[in-house]
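Each chain is listed here by its residues.
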Amino acid sequence: AQLMQDLSLWYVRRSRERVGPTAKDKNDREDTYQTLWIVLKEYVKALAPIIPFTTEEIYMNISQDSSVHLANWPQLPKEWVDHAVEENMQEAMKIASKIHAFRKNAGIKVRIPFKTLDYKGPTELTGDVLQLVLDETNVYRLVYLGKSKEQEVKGDESVKNQDAKAGEARELIREIQIARKAAECDLSEYVTVKLPAWPKEFEEEIKRQTLTTNLQKSDKLEIIKN
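Focus: the overall build of the chain
Looking only at helices and strands, the chain features 7 helices and 6 strands. Ordering the α and β elements of the chain from the N terminus gives α-α-α-α-β-α-β-β-α-β-α-β-β. Based on the C-alpha atoms only, the size of the chain along its principal axes is roughly 60 × 50 × 30 Å. Looking at the chain residue by residue over its 226 residues, the buried ones come to 32%. When contacts within the chain are restricted to residue pairs at least 6 apart in sequence, long-range pairs at least 24 apart make up 66% of them. As displayed, the chain offers around 14,500 Å² of accessible surface, 53% of which is attributable to carbon and sulfur atoms. Side chains of the chain give 35 positive and 37 negative charges; the mean places of these two sets differ by 5 Å.

What to know about unusual backbone geometry
For residues besides glycine, phi is generally negative; the peptide bonds are generally trans as well. One non-glycine residue, Glu 184, lies in positive phi territory at about 60 degrees. Located in the positive-phi region is Leu 211, a residue other than glycine, with phi close to 50 degrees. Note on placement: Leu 211 falls in the loop between α7 (203–210) and β5 (212–217).

What to know about the side chain of Thr 137
Relative to the elements of secondary structure, Thr 137 occurs in helix α5 (residues 127–137). At a separation of 2.7 Å, a polar atom in the side chain of Thr 137 contacts the main-chain carbonyl oxygen of Val 133. Every residue in contact with Thr 137, bar those within four places of it in the chain, is listed here: Ala 96, Ile 99, His 100 and Arg 103.

Concerning the nonpolar core
With 18 residues, the main nonpolar core has Ile 99, Leu 117, Val 133, Val 139 and Leu 142 as its most contacted residues. Where this core is concerned, the elements lending two or more residues are α4 (83–106), β1 (114–121), α5 and β2 (139–147). At 6 residues, the largest contribution of residues to this core is made by α4. Counting residues in hydrophobic clusters, the runner-up holds 13 residues, among them Cys 185, Val 193, Leu 195 and Ile 223.

Concerning the packing of aromatic side chains
One pass over the full model with this rule turns up 2 aromatic pairs. Considering the side-chain rings of Phe 102 and Phe 114, the 5.8 Å spacing of their centres and the 55 degrees angle between planes classify their relative orientation as tilted. Of this pair, Phe 102 sits in helix α4 while Phe 114 is found in strand β1, placing the two residues 12 residues apart along the sequence. Residues Phe 102 and Phe 114 agree in their burial class; the two are buried. Seen from their ring centres, Tyr 119 and Tyr 144 are 5.1 Å apart, and the 50 degrees between their planes marks the pair as tilted. One end of the pair, Tyr 119, is in strand β1; the other, Tyr 144, is in strand β2, with 25 residues separating them in the sequence. Just above the ring of Trp 198 sits the side chain of Lys 217; from NZ or CZ to the centre is 5.7 Å.

Quick notes on the rules
- Residues numbered from 1 in each chain as written.
- Predicted model: local features only at pLDDT ≥ 70, side-chain atom pairs only at ≥ 80, totals over all residues.
- Heavy atoms only, no water.
- Helix = DSSP H or I, 4+ residues; strand = E, 2+ residues; numbered from the N terminus.
- Buried < 20%, exposed > 50% of the residue type's maximum accessible area, 1.4 Å probe, protein only.
- Contact = heavy atoms within 4.5 Å.
- Areas by Shrake-Rupley, 256 points an atom, 1.4 Å probe, with all protein chains shown as cover.
- Lys, Arg positive; Asp, Glu negative; His and termini not counted.
- Charge placed at Lys NZ, Arg CZ, Asp CG, Glu CD.
- Polar contact = N/O pair within 3.5 Å; in protein donor to acceptor, adjacent residues only side chain to side chain.
- Core = buried A, V, L, I, M, F, W, Y, C linked by side-chain atoms within 4.5 Å.
- Phe/Tyr/Trp six-rings, centres within 6.5 Å; stacked < 30°, edge-to-face > 60°.
- Lys NZ or Arg CZ within 6 Å of the ring centre and 35° of its normal.

Next comes the structure, spelled out in structure tokens:
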């Protein structure tokens, strides 16, 4: 159960911009798909004795093999094990959870970026792990205040510590995606979007994430298929 939670609530969430037609790096996109395929395939093998029919259906859909019940029991290659990375990622997930709780208590939605937040914890996050937390929690900068047995997060909750324009852009992206779905657009289909206004400094990001070739002024939000 914990594996599936880590996969769906962390890995898949953090990989959303790495997959699909809006992904910037095609090689990275394929690596992401490959990782998901391997994890799902091996996890299905482990679940097969408990839910044989469901796992057989899943396995036959993702594999060319004859049956999950004829497959070898999954074994993790030693070269895949990196305890340091696992520990750092666990700390990252805990800090991210604390930041989300901080947001909830402050009544500030995830789509509105914080400019800076402070935190304490057993270790300081660095490099790619730190960037994962920043992306997950929509925070521009995290300042480490020192060691603590438990993770602690604090910061200015006022609008001075928020990027309102970026929050507006994220909300607009969400609305356009909903409108695309209502217009029955294909996932890879480019469109023209008509709308009353948008933050100009985020125009290219809005167009990239919504597969929009052109943003046009209009009284209401409208999707036009190209």
